[in-house]
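Inside the fold
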Amino acid sequence: MSALRDALRELPEAVFADLLESDDTYLLVIDLPGATAETVDIRVEKGRLLIEARREKALPASFEYVREDRPLFLDAELPLPPDATGAGAEGSMERGVLELRLPKYEAAPEQSIPIEDA
């Protein structure tokens, strides 16, 4: 899990994230101001969590930018903890805060494997 913790520290300064853990789930909470459920895409690929978020900014009429420091896009690639899986993951977005629940692999019960003569 330290790789994920380290990767969270590498996110842009404007992005805040918390990582929580229970017995069977990780909860990743990321502030993505201006993003909505429709503008966020999250995938799990090869043990990594890929986050692409687009924030919506409206420029009021009769104003122009003097300085613009809030990027429109956030792309992050975070390593999953070794015992986390994307299967059954759930996410929700409320007021620019993403909550992503990543289940842990369940320990497989021991079982015998029958072998038959061919």
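Let us look at the structure shown here. Bear in mind the structure is a predicted one, so any value in this text is a computation, not a measurement.

**Section: the sheet that holds strand E1 (residues 17–21)**
Strand order across the open sheet formed by four strands is E1-E2-E7-E6, with antiparallel pairing between neighbours. Edge strands, defined here as strands with exactly one partner in the open sheet, are E1 and strand E6 (90–94). Recorded for the sheet is a direction-independent mean angle of 15° between the axes of neighbouring strands. Sheet topology note: the E6/strand E7 (residues 97–103) ladder contains five bridges and is antiparallel. The partner of Ser 92 across the bridge, within E7, is Glu 99.

**Observations regarding the side chain of Arg 55**
The residue Arg 55 is located in the loop between strand E4 (48–54) and strand E5 (73–79) in this model. Residue contacts for Arg 55: discarding those within four places in its chain leaves Pro 33, Gly 34, Ala 35, Arg 70, Pro 71 and Leu 72.

**Some points on the side chain of Thr 39**
By the element assignment, Thr 39 lies in the loop between strand E2 (25–31) and strand E3 (40–45). Of note is the side chain of Thr 39, whose polar atom sits 2.8 Å from the backbone nitrogen of Thr 36. At 2.8 Å, the side chain of Thr 39 and the backbone oxygen of Arg 54 are in polar contact. If we skip the residues at most four places from it in the chain, Thr 39 touches Glu 52, Ala 53, Arg 54 and Glu 56.

**Remarks on the packing of aromatic side chains**
Throughout the structure, instances matching the rule amount to zero aromatic pairs. Above the plane of the ring of Tyr 26 lies Lys 104, whose end atom (NZ or CZ) is 4.9 Å from the centre.

**Side note on the nonpolar core**
Among soluble globular proteins, nonpolar side chains are generally buried collectively. One finds Leu 28, Leu 32, Leu 49 and Leu 78 to be the most contacted residues of the largest nonpolar core, which totals 21 residues. Sorting the residues of this core by element identifies helix H1 (2–9), E2, E4, E5 and E7 as the ones contributing at least two each. In contact with Leu 28, other than residues within four places in its own chain, are Leu 8, Asp 18, Leu 19, Leu 49, Leu 78, Leu 98, Glu 99 and Leu 100.

**A look at the sheet that holds E3**
Taken in spatial order, the three strands make up an open sheet running E3-E4-E5, and their pairing is antiparallel. Here the strands that pair on one side only, and so sit at the sheet edges, are E3 and E5. Strand-to-strand twist of the sheet, defined as the mean angle between neighbouring strand axes without regard to direction, takes the value 10°. Note: E3 against E4, six bridges, orientation antiparallel. Within the sheet, the bridge partner assigned to Val 44 lies in E4 and is Leu 49.

**Section: the environment of Lys 104**
Inspection of the secondary structure assignment puts Lys 104 in the segment after E7. Given a relative accessible area of 13%, Lys 104 falls into the buried group. Sequence-wise, Lys 104 and Tyr 26 are 78 residues apart; in three dimensions their C-alpha atoms are separated by 7.2 Å. Beyond its immediate chain neighbours, meaning those up to four positions away, Lys 104 contacts Glu 21, Ser 22, Asp 23, Asp 24, Thr 25, Tyr 26, Asp 83, Ala 84 and Thr 85.

Thresholds applied
Residues numbered from 1 in each chain as written. Predicted model: local features only at pLDDT ≥ 70, side-chain atom pairs only at ≥ 80, totals over all residues. Heavy atoms only, no water. Pairing = 2+ DSSP bridges. Helix = DSSP H or I, 4+ residues; strand = E, 2+ residues; numbered from the N terminus. Axes fitted to C-alpha atoms, helices over the stretch in contact; angles between N-to-C directions. Contact = heavy atoms within 4.5 Å. Polar contact = N/O pair within 3.5 Å; in protein donor to acceptor, adjacent residues only side chain to side chain. Phe/Tyr/Trp six-rings, centres within 6.5 Å; stacked < 30°, edge-to-face > 60°. Lys NZ or Arg CZ within 6 Å of the ring centre and 35° of its normal. Core = buried A, V, L, I, M, F, W, Y, C linked by side-chain atoms within 4.5 Å. Buried < 20%, exposed > 50% of the residue type's maximum accessible area, 1.4 Å probe, protein only.

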